[in-house]
Amino acid sequence: MGILFSKTSKKGTQNRSNLDLIKKRKIEPNKKLTFGRHSAKGRNHRGIITSRHRGGGHKNLYRQIDFRRDKKNIIGKVWSIEYDPNRNSYICLVNYKDGEKKYILHVKGMRIGDIIISSSEAPVSYGNALPLTNMP
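Residues numbered from 1 in each chain as written. Predicted model: local features only at pLDDT ≥ 70, side-chain atom pairs only at ≥ 80, totals over all residues. Heavy atoms only, no water.

## Here we look at the environment of tyrosine 62
Here is step 1 of the chain: Assignment of secondary structure puts tyrosine 62 in strand β4 (residues 60-63).
Here is step 2 of the chain: According to the relative accessible area criterion, tyrosine 62 is partly exposed, its value standing at 22%.
Here is step 3 of the chain: Leaving out residues up to four positions away in the same chain, tyrosine 62 has contacts with Leu33, Thr34, Phe35, Arg37, Asn86 and Arg87.
Here is step 4 of the chain: A polar atom in the side chain of tyrosine 62 sits 3.1 Å from the side chain of arginine 87. (Helix = DSSP H or I, 4+ residues; strand = E, 2+ residues; numbered from the N terminus. Buried < 20%, exposed > 50% of the residue type's maximum accessible area, 1.4 Å probe, protein only. Contact = heavy atoms within 4.5 Å. Polar contact = N/O pair within 3.5 Å; in protein donor to acceptor, adjacent residues only side chain to side chain.)

## Concerning the pattern of salt bridges
Here is step 1 of the chain: In total, this model carries 5 salt bridges according to the counting rule given.
Here is step 2 of the chain: As a salt-bridge pair, lysine 102 and aspartate 70 come within 3.4 Å of each other at their nearest N and O atoms. Separated by 32 residues along the polypeptide, lysine 102 in strand β7 (residues 101-105) and aspartate 70 in the loop between β4 and β5 (76-82) bring together distant segments of the chain.
Here is step 3 of the chain: A residue is classified by how much of its surface remains accessible, and lysine 102, at 15% relative accessible area, is buried.
Here is step 4 of the chain: When the shortest N-O distance is used, the salt bridge between lysine 71 and aspartate 98 registers 2.5 Å. (Salt bridge = Lys/Arg side-chain N within 4 Å of Asp/Glu carboxyl O.)

## Structural notes on the packing of aromatic side chains
Here is step 1 of the chain: Scanning all chains against the criterion turns up 2 aromatic pairs.
Here is step 2 of the chain: Measuring from centroid to centroid gives 5.4 Å for phenylalanine 35 and tyrosine 62, while their planes differ by 50 degrees, and the two rings are tilted. Here phenylalanine 35, found in strand β3 (residues 34-37), pairs with tyrosine 62, found in strand β4; they are 27 residues apart in sequence, far enough to count as distant.
Here is step 3 of the chain: Here phenylalanine 35 falls in the partly exposed class, since its relative accessible area comes to 38%. (Phe/Tyr/Trp six-rings, centres within 6.5 Å; stacked < 30°, edge-to-face > 60°.)

## Notes on the sheet that holds strand β6 (residues 91-96)
Here is step 1 of the chain: An order of β7-β6-β5-β8 is seen for the 4 strands of this open sheet, with the pairing classed as antiparallel. Here the strands that pair on one side only, and so sit at the sheet edges, are β7 and β8 (115-116).
Here is step 2 of the chain: Pairing analysis gives 5 bridges linking β6 to β7, with the strands arranged antiparallel. For leucine 93, the partnering residue across the bridge sits in β7 and is tyrosine 103. (Pairing = 2+ DSSP bridges.)

Dropping the structure here:
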């Protein structure tokens with residue numbers, strides 16, 4: 001992991017830098033956690049075009065994110081960090097001890113191989129989820 005600096009070829013790329021969170025290998029999204037998402041294509045609830053020039057476009061794969069973190073007291077391991085085209089943050093694929101896999105939002109400082117847990121007695125560290133009453 002490091003910082004990627006882009007070469008200056010235009011004024012827009014003069015001082016651009018990116019975090020190199022994803023390794024150089026191509027990471028395919030988990031098929032069970034994705035589904036195809038279609039845009040409305042300018043149509044209303046009856047299927048009639050009401051906004052012109054909005055059709056076409058590429059079909060997007062939407063990744064299902066576990067925002068609720070309802071796997072209580074089960075340890076999970078961060079399997080991969082992936083780019084998500086549907087939001088501004090990266091996402092992590094977490095492999096839980098019971099064999100289930102879920103996507104969560106990537107927390108700055110979390111790395112591949114970190115152990116996370118969601119419980120009321122969880123230690124305060126990157127990626128752990130606690131109830132609001134137990135937060136320091």
